[in-house]
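Understanding the architecture of this molecule
This is what each chain is made of:
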Amino acid sequence: MSAHQRGMELDLSWISKIQVNQPAVLRRAEQIQARRPVKKEWQAAWLLKAVTFIDLTTLSGDDTSSNIQRLCYKAKYPIREDLLKALNMHDKGITTAAICVYPARVCDAVKALKAAGCDIPVASVATGFPAGQTHLKTRLEEIRLAVEDGASEIDVVINRTLVLTGQWEALYDEIRQFRKACGEAHLKTILATGELGSLTNVYKASMIAMMAGSDFIKTSTGKETVNATFPVAIVMLRAIRDFFWKTGNKIGFKPAGGIRSAKDSLAWLSLIKEELGDEWLKPELFRIGASTLLADIERQIYHHVTGRYAAYHDLPMS
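Residues numbered from 1 in each chain as written. Predicted model: local features only at pLDDT ≥ 70, side-chain atom pairs only at ≥ 80, totals over all residues. Heavy atoms only, no water.

Looking at an unreviewed UniProt entry, the protein carries the name Deoxyribose-phosphate aldolase, with the source organism given as Physeter macrocephalus. Recorded in UniProt for the protein, the comment headed Sequence similarities (unreviewed entry) runs: "Belongs to the DeoC/FbaB aldolase family. DeoC type 2 subfamily." (UniProt positions renumbered as here; feature names shortened; annotations may be inferred.)

Dropping the structure here:
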């Protein structure tokens, strides 16, 4: 990733008059879902591209160093070698974009990736993930500890209360402090959009997060009842576009939660291409937070190469 963005002074006049036109957003979302995203002959290439955007994630209470090790191995070798050879892609260095874990597991991930001779970045969730309801002091310390342990990306969660009660200055100040605590690590701000009450709030929270210095804005923790949806994504992408037009800064976008099928991933790539253009279709500006998506992509590539679907034992997780 390139150097992180510094943000800008809080400009409330920019967002005070914003009202999102919900029916228009919903119509646009329906168009995206109805469209067949990629022609069959291009599908394998696009699916391999999708792999390079995945933040391969495990956020379970029973994570151990051994399952982190397996996840890191899978990140380095996401698709079976013989399938890549059949597509003449075996020498292209295809890996996932990052590994995403809890702060306590950062050391395990850094160690496993080092042992594998691999420079895939480690992302850590932080700041009282997923609820963001712990004391600010504790949340900042959690960022610092994760960075100390070797995380180069931090996925923070905002305090949703600040959005729901319209405390935009307090939200800006909180994210500014997260930015500072990250040091040189990249800041990915999770908005938990399923809990923000309205699409207008989603736009405003996106804008505040970018002004405060976020390198990425992310839809969800994956733990809310509503996670990454197209209407929310459209609003966030329009905010990213507006921010770019106004400041010249390109901010990344990460949908997370509920993206499980290869077909879903193609629809997301399509959406990014249409809303922001090809220049956003790179891991520096687009990620997909997922734990099970990779398995389905590999299954579809297996089918593309062999003409049949894999049996369960053909494609073990690791």
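Quick look at the overall build of the protein now. Looking only at helices and strands, the protein has 13 helices and eight strands in total. Its C-alpha atoms give the protein a radius of gyration of 19 Å, near enough to 20 Å, the size a compact globule of 318 residues would have. Structurally, the protein occupies a C-alpha span of about 55 × 45 × 35 Å along its principal axes. Within the protein, the fraction of its 318 residues that count as buried is 52%. Taking all contacts inside the protein whose residues are at least 6 apart in sequence as the whole, residues at least 24 apart take part in 79%. Summed over all atoms, the accessible surface of the protein reaches about 14,300 Å², with 51% contributed by carbon and sulfur. With 41 positive and 35 negative side-chain charges, the protein shows a spacing of 3 Å between the two charge centroids. (Helix = DSSP H or I, 4+ residues; strand = E, 2+ residues; numbered from the N terminus. Rg over C-alpha atoms; globule rule 2.2 N^0.38 Å. Buried < 20%, exposed > 50% of the residue type's maximum accessible area, 1.4 Å probe, protein only. Contact = heavy atoms within 4.5 Å. Areas by Shrake-Rupley, 256 points an atom, 1.4 Å probe, with all protein chains shown as cover. Lys, Arg positive; Asp, Glu negative; His and termini not counted. Charge placed at Lys NZ, Arg CZ, Asp CG, Glu CD.)

What follows covers the sheet that holds strand β8 (residues 288-290). Read from one edge to the other, the open sheet built from eight strands follows the order β7-β6-β5-β4-β3-β2-β1-β8, with strand pairing classed as parallel. Edge positions in the open sheet fall to β7 (252-254) and β8, since each of these has one partner strand only. With strand direction ignored, the average angle separating the axes of adjacent strands in the sheet is 25°. Pairing geometry for strand β5 (residues 186-190) and strand β6 (residues 216-218), over three bridges, is parallel. Looking across to β6, one finds that Ile 190 is bridged to Lys 218. Here helix α13 (residues 293-306) sits on the sheet and contacts β1 (54-57) and β8; the angle it forms with β1, its principal contact strand, is near 120°. (Pairing = 2+ DSSP bridges. Axes fitted to C-alpha atoms, helices over the stretch in contact; angles between N-to-C directions.)

All right, on to the pairing of strand β4 (residues 153-157) then. Among the five residues of β4, five are classified as buried, and the element is accordingly described as predominantly covered. Here β4 shows two buried faces, one formed by Glu 153, Asp 155 and Val 157 and the other by Ile 154 and Val 156. Looking at chain direction, strand β3 (residues 122-126) and β4 are connected through four bridges and run parallel. Its bridge partner being in β4, Ala 126 is matched across the sheet by Val 156. With helix α7 (residues 136-148) bridging β3 and the parallel β4, this β-α-β connection has right-handed handedness. Of the pairings in the sheet, the one linking β4 to β5 comprises five bridges and is parallel in character. From the neighbouring strand, Val 157 faces β5, where its bridge partner is Ile 190. (Right-handed = clockwise from strand over helix to strand, strands pointing away.)

For the rest of this paragraph, the subject is helix α2 (residues 22-34). For α2, built from 13 residues, the straight-helix expectation of 18 Å at 1.5 Å per residue is met to within 8% by its first-to-last C-alpha distance of 18 Å. Of the positions making up α2, those classed as buried are Val 25, Arg 28, Ala 29 and Ile 32. For α2, the angular spread of buried residues about the axis comes to 100°, placing them on one side. Facing away from the buried side of α2 by over 90 degrees, the exposed positions are Arg 27, Glu 30 and Ala 34. Packing partners of the buried residues in α2 comprise α10 (199-211), α11 (230-247) and α12 (262-275). (Expected span 1.5 Å × (residues − 1). Arc of directions from axis to C-beta.)

Moving on, we get to the environment of Leu 56. Here Leu 56 shows up in strand β1. You can call Leu 56 buried: its relative accessible area is 1%. Along the primary structure Leu 56 and Arg 70 are separated by 14 residues, whereas in three dimensions their C-alpha atoms are 11 Å apart. Sequence-distant contacts of Leu 56, defined by excluding residues within four places in its chain, comprise Leu 71, Lys 74, Ala 75, Thr 96, Ala 98, Ile 99, Cys 100, Ala 290, Ser 291 and Leu 294.

In this structure the tally under the stated criterion is seven aromatic pairs. Judged by centre distance (5.9 Å) and plane angle (75°), the ring pair of Tyr 102 and Phe 129 falls under edge-to-face. Here Phe 129 lies in the loop between β3 and α7 and Tyr 102 lies in the loop between β2 (98-101) and α6 (106-115), a separation of 27 residues in the sequence. For Phe 129, a relative accessible area of 11% gives the class buried. Following the ring pairs from residue to residue traces out a cluster consisting of Phe 230, Phe 253 and Trp 268. It is Lys 188 that lies over the ring of Phe 216; its NZ or CZ is 6.0 Å from the centre. One Lys or Arg, Lys 250, reaches over the ring of Trp 280 and ends 5.8 Å from the middle of that ring. (Phe/Tyr/Trp six-rings, centres within 6.5 Å; stacked < 30°, edge-to-face > 60°. Lys NZ or Arg CZ within 6 Å of the ring centre and 35° of its normal.)

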